[in-house]
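Coordinate inspection notes
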Amino acid sequence: VSPVPVAFAMAARVMFVMNTLLRGTNASFTSTGKTSSACGVNALGLGSLAFPRAFWTSLVFMGSVGSATLAVASSSSSSSSYDSSFATTPSSPIRCEASAPAAVAPSAEHQNSAAGRLRKWREKNWEQNNTAWHKQAVNGALGKYAHQLLVAPRDGTKAKEIYDAQGGHVVLFPLSGKTLDIVYAATRKEVASVVGVEGVRLAVKEFAREHPSLDLRETKTTPGGGLLGRFLPAIFKDEATATETWEGGRVTILRADWFDATLSDAKATAVFDRGALVAIHPSLRESYVSQLETAVVPGARVLIVGIERQGSASGVAMGPPFHTTVDDIAALFSSERWSAPILLETKGMDDGGPLPERFAKAGLTAVNEQIVLVERK
């Protein structure tokens, strides 16, 4: 038997294992620790690659020409963890137990995975130009309450230290899309820099194209896809774990999944959340706030635009945007690390415009915005 095919198969097997072990750990925004070391390849996200199953199968098949035993051993050692997980969530950060093939409709668990979240927003919204939440003007709440959000931080806080050192605030926009609020904040004299975090690359590219004066350029890219994604990004790039940094002037956009990114380097002293907390599924809200806590420093202020729905129970429960009142916000920010939320205003959605038809059809009688201010202790 020729040693060449045997060596080829052995090399393929080693590459498979190495990529499995290193998958999901190479992004510039590292994981927040929600993976399980006891899980198989699916937990590390190998299934989210475009065509890994066929690729690895072909390698082992070619190697088996010289060593059928090696091919059989390779197949039997991986089939229980790989094949069963291939049909389920591609890159779930929490669960990875084997199960029956998934139904045609994506499961809630899949939708809450990084790959599911980003794919949904990209394919159903950004690629279809279905972005009704995006406004062609600066949000009224930011314009009206900027003086309270961007006031100089309290003396003795980390926020005040950064504010003095930078010559102004570091303002964070979670799930920023291509909002004009970023441009507005960057022109304010109280602001030193602006950071947006957005998971969909198309949204970032459109924002850069629509605001050429910012001269936003992609300055850093981590392709995702594990070890092979690092060296062969054209083949193994995985958008769910890939990250990019775009910079221009006083604006930085981090293209990354909010829940999987490491945000401690942001050191934000102010945050404007219009369309982030209300857009995510309520089951993810605590995780969202935990991430926010890592992104801001003590003394930072957060201005949140919540949504209050009135009408039928089914209409109130629908979303996004999800029903998120000042009481919900108070429950989420109830730890000793946050001050009690302050309700600044309750007003009609979109500055009092007519109720959108889809809300009326759902049995809603009113949809209000609740402007809430909270401070990191």
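What comes next concerns the included structure. (Residues numbered from 1 in each chain as written. Predicted model: local features only at pLDDT ≥ 70, side-chain atom pairs only at ≥ 80, totals over all residues. Heavy atoms only, no water.)

A word on the sheet that holds strand S6 (residues 268–274)
Strands belonging to one sheet form pairs held by backbone hydrogen bonds; the direction of such a pair is parallel or antiparallel. Selection rule: Any two strands are treated as partners once DSSP identifies two or more bridges connecting them. Every helix listed is a DSSP run of H or I at least four residues long, and every strand listed is a run of E at least two residues long, numbered separately from the N terminus. Working convention: axes come from line fits to C-alpha atoms, limited for helices to the stretch in contact. Angles between N-to-C directions cover 0 to 180 degrees. Any pair of residues with heavy atoms lying within 4.5 Å of one another is described as a contacting pair.
Spatially, S3-S4-S5-S2-S1-S6-S7-S9-S8 is the arrangement adopted by the 9 strands of the open sheet, whose pairing is mixed. At either end of the open sheet lies a strand with only one pairing partner, and these are strand S3 (217–222) and strand S8 (342–348). Averaged over all pairs of adjacent strands, the angle between strand axes in this sheet comes to 20 degrees, irrespective of strand direction. Sheet topology note: the S3/strand S4 (residues 243–248) ladder contains 5 bridges and is antiparallel. For Glu218, the partnering residue across the bridge sits in S4 and is Trp246. Against the sheet, helix H6 (residues 140–149) makes contact with strand S1 (169–174), S6, strand S7 (296–311), S8 and strand S9 (364–375), and its axis sits at roughly 145 degrees relative to S7, the strand it touches most. Contacts from helix H7 (residues 158–166) reach S1, strand S2 (191–198), S6 and S7, with the element oriented near 110 degrees to S7.

What about unusual backbone geometry?
Geometrically, the link from Gly319 to Pro320 is a cis peptide bond, its omega value of 0 degrees lying close to zero. Along the chain, Pro320 falls in the loop between helix H13 (313–317) and helix H14 (326–332). Here the bond from Pro320 into Pro321 is cis, since omega is -5 degrees, no more than 30 degrees from zero. On the secondary structure map, Pro321 appears in the loop between H13 and H14. Phi at Asp215 is positive, roughly 55 degrees, even though this residue is not glycine. Of note, Asp215 is situated in the loop between helix H9 (201–210) and S3.

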